[in-house]
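# Examination of the molecular architecture
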Amino acid sequence: MFWGELSVSKAKFDAVGVVDSTLRTVGFWNIGDAPDSKFSTSSHDFKEGVVWYIRGGIIVGALLWNMQGKGIKKARELIGSKFAVQSTQTLGEQVPLPPSDFRLVLDEEGVASEE
């Protein structure tokens, strides 16, 4: 596990398990405003979120953004149990985000590392 705080943006994060850009990620985010037709991740305020890291359909890591420690125990349990991802919806139910008017789900394949 590791944690950090970005003083400029006042963001805090906790991470557990394998957090690796080469893995598939599924992120659930509360954002500050409604996405428009020209959505760009850099144009939104990502308030709170959970990013799951998935290898072979199994959760292997999690990053919790501005969750103030909420959800880290559940993330450890899912990683330890080798939770198999059946659907994005069931994954989103594992660590609930605080209520929000605007929610965003990002499902990304891992970025292959260059050697």
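Here's what I pulled together on the structure shown here. Worth saying up front: this structure is predicted, and the values here are computed from it rather than measured.

## As for the overall build of the protein chain
On a plain count of helices and strands, the protein chain comes out with two helices and six strands. When the helices and strands of the protein chain are read in sequence order from the N terminus, they spell out β-β-β-β-β-α-α-β. Residue burial in the protein chain is summarised as follows: out of 115 residues, 37% are buried. On the protein chain, roughly 7,200 Å² of surface is accessible, and the fraction owed to carbon and sulfur atoms is 52%.

## Some points on the packing of aromatic side chains
Considering all chains together, one arrives at two aromatic pairs under this definition. Measuring from ring centre to ring centre gives 6.1 Å for Phe13 and Trp65, while their planes differ by 5°; the resulting arrangement is stacked. In this pair, Phe13 is assigned in strand 2 (residues 11-17) and Trp65 in strand 5 (residues 58-65), connecting sequence segments 52 residues apart. Both residues of the pair, Phe13 and Trp65, belong to the buried class. Relative to Trp65, the ring of Trp29 has its centre 6.3 Å away and its plane inclined at 65°; by these criteria the two rings are edge-to-face. Of this pair, Trp29 sits in strand 3 (residues 24-31) while Trp65 is found in strand 5, placing the two residues 36 residues apart along the sequence. Trp65 shares its class with Trp29; the two are buried.

## Some points on the pattern of salt bridges
Counting across every chain of the model gives one salt bridge. For Arg24, the salt bridge is made with Asp107, and the minimal N-O distance between the two is 2.8 Å. Separated by 83 residues along the polypeptide, Arg24 in strand 3 and Asp107 in strand 6 (residues 103-108) bring together distant segments of the chain.

## Some details on the pairing of strand 5
The side chains of a regular strand alternate, residue by residue, between the two faces of the sheet. Within strand 5, seven of the eight residues are buried, which leaves the element mostly enclosed by the surrounding structure. Two elements, strand 2 and strand 5, share five bridges in a ladder whose sense is antiparallel. If you follow Gly17 over to strand 5, its bridge partner there is Gly61. As judged from the seven bridges shared by strand 4 (residues 46-55) and strand 5, these two strands associate in the antiparallel manner. From the neighbouring strand, Gly49 faces strand 5, where its bridge partner is Trp65.

Rules and cut-offs
- Residues numbered from 1 in each chain as written.
- Predicted model: local features only at pLDDT ≥ 70, side-chain atom pairs only at ≥ 80, totals over all residues.
- Heavy atoms only, no water.
- Helix = DSSP H or I, 4+ residues; strand = E, 2+ residues; numbered from the N terminus.
- Buried < 20%, exposed > 50% of the residue type's maximum accessible area, 1.4 Å probe, protein only.
- Areas by Shrake-Rupley, 256 points an atom, 1.4 Å probe, with all protein chains shown as cover.
- Phe/Tyr/Trp six-rings, centres within 6.5 Å; stacked < 30°, edge-to-face > 60°.
- Salt bridge = Lys/Arg side-chain N within 4 Å of Asp/Glu carboxyl O.
- Pairing = 2+ DSSP bridges.

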